[in-house]
Amino acid sequence: MKRQLGGVLFVLLAMTLSPASAQVTGGISRAQPAAEKAEPSSQSPAWVAQVKVLHGRASIVRDGVRQEAMVGAYLKQGDVLSTEVNSSVGLLFNDNTALSAGPNSHVAIHRFSFDTTTYQGHFEANVVRGTVAVRPGQIARNSPDSMRVNTPASQLRGHAASYVVGVRGD
């Protein structure tokens, strides 16, 4: 467990210090080909987070369709992120919340809204299994009760500067 937790914290730390250098340093992630890195269109639902760091393999399930996660990929409300064994992923949300998921994790982005003018919004994610580290962003700074990370046994709110949660599950 120490090795898994250390990897999750390393991903979170790498995102906090310098997302660009984290992609290059030590080969901890793969660059996404420019052709697959499509910008969100005005006709599609707004994206809420972006994959900034990837080690190993992860997938995103959107509307029942599974696709491989890559550095630069956008996530939307309702997406489910899963990592494989010996893999980890780091996300940066639009409000600067950083979320890192360790090996064999399964995280659903249940609700995310953020107003860039007032810095108000809501963040709710469900951790079904795995280890997740979170460093809350603007939503939690302005209204800690508006940020929630749910597990099968508890609900964490944005009152802490950062936290790590581990969930055993199927």
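In this report, the structure presented in the accompanying data block is examined.

Calculation rules
Residues numbered from 1 in each chain as written. Predicted model: local features only at pLDDT ≥ 70, side-chain atom pairs only at ≥ 80, totals over all residues. Heavy atoms only, no water. Buried < 20%, exposed > 50% of the residue type's maximum accessible area, 1.4 Å probe, protein only. Helix = DSSP H or I, 4+ residues; strand = E, 2+ residues; numbered from the N terminus. Pairing = 2+ DSSP bridges. Core = buried A, V, L, I, M, F, W, Y, C linked by side-chain atoms within 4.5 Å.

We now examine the pairing of strand β6 (residues 88-93). The element β6 is extensively covered by neighbouring structure, given that five of its six residues are classed as buried. Bridging between strand β1 (residues 47-55) and β6 involves six bridges; their strand directions are antiparallel. Residue Leu54 lies in a different strand from β6, and its bridge partner there is Val89. With four bridges connecting them, β6 and strand β7 (residues 98-101) associate as antiparallel partners. When the bridges of β7 are listed, Leu92 appears paired with Ala98.

In this section: the nonpolar core. Leu75, Leu91, Phe93, Phe112 and Phe123 are the most contacted members of the largest nonpolar core, which has 32 residues in total. Residue contributions to this core peak at five residues, all from strand β9 (residues 121-135).

When strand β5 (residues 80-83) meets strand β8 (residues 106-114), the two strands line up antiparallel, connected through three bridges. Bridge assignment links Val80 to a residue of β8, and that residue is Ala108. Where β8 folds back on β9, the antiparallel hairpin that results is connected by six residues, among which Tyr119 adopts a positive phi of roughly 60 degrees.

Interpretation in functional terms is not warranted from these geometric data alone.
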